[in-house]
Amino acid sequence: MSALVEIRNLTKHFRIGRGQVVHAVDDVSLDIGRREIVGLVGESGSGKSTLGKTVLGLHDKTGGSVVYDGETLPSKYRPPDFQRHARMMQMIFQDPYSSLNPRMTVGEIVGEGLKLHAKVTAVDVREKVADWLRRVGLEPDHMSRYPHEFSGGQRQRIGIARALILGPEFVVCDEPISALDVSVQAQVVNLLDELKESLGLTMLFIAHDLSMVRYVSDRMAVMYLGSLVELGPANRVFFAPKHPYTELLIGANPEPDPRSERSRESVAIRGEIPSPVNVPDGCRFANRCPKVMDVCRETTPALAPVADADQPDRLVACHLYP
Ligand code: SF4
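Residues numbered from 1 in each chain as written. Predicted model: local features only at pLDDT ≥ 70, side-chain atom pairs only at ≥ 80, totals over all residues. Heavy atoms only, no water.

1. Let's talk about the pattern of salt bridges
Using the criterion set out here, one finds 11 salt bridges in the structure. The salt bridge involving Lys196 is made with Glu197; its shortest N-O contact spans 3.6 Å. In this structure Lys196 comes out as buried when scored by relative accessible area, which is 10%. By relative accessible area, Glu197 is classed as exposed at 54%. Close ionic contact of Glu247 with Lys291 constitutes a salt bridge, the shortest N to O distance being 3.4 Å. Of this pair, Glu247 sits in helix H9 (residues 244-252) while Lys291 sits in the loop between H9 and helix H10 (294-298), placing them 44 residues apart in sequence. (Salt bridge = Lys/Arg side-chain N within 4 Å of Asp/Glu carboxyl O. Buried < 20%, exposed > 50% of the residue type's maximum accessible area, 1.4 Å probe, protein only. Helix = DSSP H or I, 4+ residues; strand = E, 2+ residues; numbered from the N terminus.)

2. Digging into the sheet that holds strand S1 (residues 3-15)
Ordered by their spatial adjacency, four strands build an open sheet running S2-S1-S4-S5, and the pairing between neighbours is antiparallel. If you trace the sheet from one side to the other, it starts and ends with strand S2 (21-33) and strand S5 (71-72), each paired once. As judged from the five bridges shared by S1 and strand S4 (residues 63-68), these two strands associate in the antiparallel manner. Pairing of Val5 across the sheet is with Tyr68, part of S4. Strands in contact with helix H1 (residues 48-56) are S1, S2 and S4; relative to S1, the strand with the most contacts, it is inclined by about 115 degrees. (Pairing = 2+ DSSP bridges. Contact = heavy atoms within 4.5 Å. Axes fitted to C-alpha atoms, helices over the stretch in contact; angles between N-to-C directions.)

3. Points about the pairing of strand S7 (residues 170-174)
Burial within S7 is extensive, with five of its five residues counted as buried. Neither face of S7 is exposed, since Phe170, Val172 and Asp174 on one face and Val171 and Cys173 on the opposite face are all buried. Bridge count for S7 against strand S8 (residues 202-206) is five bridges, and the pairing is parallel. Counterpart to Val171 in the pairing with S8 is Met203.

4. Digging into the environment of Val38
Considering the arrangement of structural elements, one finds Val38 in strand S3 (residues 37-41). Owing to a relative accessible area of 0%, Val38 belongs among the buried residues under this scheme. For the pair Val38 and Val216, spaced 178 residues apart in sequence, the C-alpha separation works out to 8.7 Å. Excluding residues that lie within four positions of it along the chain, Val38 makes contacts with Leu30, Ile32, Met203, Leu204, Phe205, Ser217, Arg219 and Ala221.

5. Here we look at the confidence of the model for the protein
On average, residues of the protein score 89 in pLDDT, and 93% of them are at 70 or above. For the stretch residues 258-264, pLDDT sits under 50, and the model shows five contacts to residues farther than four places along the chain or on other chains. (pLDDT = per-residue confidence, 0-100.)

6. What about the packing of helix H3 (residues 106-117) against helix H4 (residues 122-135)?
The interhelical angle for the contact between H3 and H4, taken along N-to-C directions, is 120 degrees, at an axis separation of 9 Å. H4 is crossed by H3, and the crossing has right-handed handedness. In this structure, H3 contributes Val106, Gly107, Val110, Gly111, Leu114 and Lys115 to the contact, and H4 contributes Val125, Lys128, Val129 and Leu133. Tallied by class, residues from the contact of H3 with H4 come to six nonpolar, two polar and two charged. (Left-handed = near helix turned anticlockwise from the far one by under 90°. Nonpolar A, V, L, I, M, F, W, Y, C, P; charged D, E, K, R; others polar.)

7. Points about the sheet that holds strand S6 (residues 89-92)
Spatially, S6-S7-S8-S3-S9-S10-S12-S11 is the arrangement adopted by the eight strands of the open sheet, whose pairing is mixed. A strand with exactly one partner marks an edge of an open sheet, and here the two such strands are S6 and strand S11 (304-305). Most of the contacts of H1 go to S7, to which it runs at about 155 degrees, and overall it touches S3, S6, S7, S8 and strand S9 (219-224). Sheet contacts for helix H5 (residues 152-164): S6 and S7; angle to S6, the most-contacted strand, approximately 170 degrees.

8. Let's talk about the side chain of Glu230
Looking at where Glu230 falls in the secondary structure, it is placed in strand S10 (residues 227-233). A distance of 3.1 Å separates the side chain of Glu230 from the backbone nitrogen of Lys242, its partner in a polar contact. The residues contacting Glu230, other than those within four sequence positions of it, are Met220, Ala221, Val222, Val237, Pro241, Lys242, His243, Thr246, Leu303, Arg314, Leu315 and Val316. (Polar contact = N/O pair within 3.5 Å; in protein donor to acceptor, adjacent residues only side chain to side chain.)

9. Section: the site of the ligand
Around the ligand lies a shell formed by His243, Pro244, Cys283, Ala286, Cys289, Lys291, Val292, Cys296, Pro301, Cys318, His319 and Leu320. For the shell around the ligand, the residue count by class is nine nonpolar, two polar and one charged. (Near = heavy atom within 4 Å.)

10. Regarding the packing of H3 against H5
The interhelical angle for the contact between H3 and H5, taken along N-to-C directions, is 30 degrees, at an axis separation of 7 Å. Between H3 and H5, the crossing angle belongs to the class labelled roughly parallel. Contact with H3, carried on its side by Val106, Ile109 and Val110, involves Ile158, Ala161 and Arg162 of H5 and no other residues of that element. Among the residues making up the contact of H3 with H5, the classes are represented as five nonpolar, no polar and one charged. (Parallel < 35°, antiparallel > 145°, perpendicular 65-115°, else oblique.)

11. A few points about the environment of Ile92
Assignment of secondary structure puts Ile92 in strand S6. Given the relative accessible area of 1%, Ile92 is considered buried. Residues Ile92 and Phe150, spaced 58 residues apart in sequence, show a C-alpha to C-alpha distance of 17 Å.

12. Side note on H4
Taking 1.5 Å per residue, 14 residues should reach 20 Å; H4 reaches 20 Å between its end C-alpha atoms and fits that length. Burial in H4 covers these residues: Val125, Val129, Ala130, Trp132 and Leu133. One face of H4 carries all of its buried residues, which in axial projection span an arc of 165 degrees. Seen from the open side of H4, the exposed residues pointing more than 90 degrees away from its buried face are Val123, Glu127 and Arg134. (Expected span 1.5 Å × (residues − 1). Arc of directions from axis to C-beta.)

Structure below.
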């Protein structure tokens, strides 16, 4: 599969007061193939959203590069670049309550991108908005209503229509279901899945719910304290995790087992994720890892293929896999 998005050594640090630096994303490299969905998981504060936003250029990079369809993306966008960029890649945001302007009608929200980034008449905008409202399961006459008149699931559908109306090929979905009721989460995931198939989308799907990520993703990437610690086919990572953090993360988010009356027991990960301002030397997971060794506190393990001929596409950053 040829890569549409090549993320190379991407780093994003934020300067805060007194010369301190937040290491939100450190040296992340990841290829995303055309029409591939890569699920990105990790605890809150692991840097998932910052990575997604930095890939899209919503944050300036501190280091590294993003190559899109063979073209290195600029660090800063000027208006003509920005318009082209908006037609190539978009983001679906986590919170459908705060990401929609309450003073704009649904028609204005969904059609705004077309007005800003494409040369279209007002009639074309109306027609395209009506078409997109239908595609996401809403009605064209919802165009004249305001966001507060809709449920959370419907608002996320409006957000999806807004993101996709420009025809992007690459979409970052930043926890698109975590603010929704459990009863509507599956509907929104199914809609994204259908749109992915019909439009041939490539996605970076960021989420907390590992079983949902396993369901929608081709590959799963696991992030801890700004770094990738495991990457591989979603089913293999979920059912046979290699990195001790992935193992514990999956234990903390067990998938309901339909063959058993009881769900698998949830296991909490001991200890706190260290501050991204004081990133520890060596393996960043060492203070919480039940398998920690002396070498772990001294040498940072690189994300590298595991020595397993059956799994050439499996990468792990851990000294257990030399
Ligand atoms: Fe645990 Fe060491 Fe592997 Fe880090 S490198 S995950 S501390 S075994």
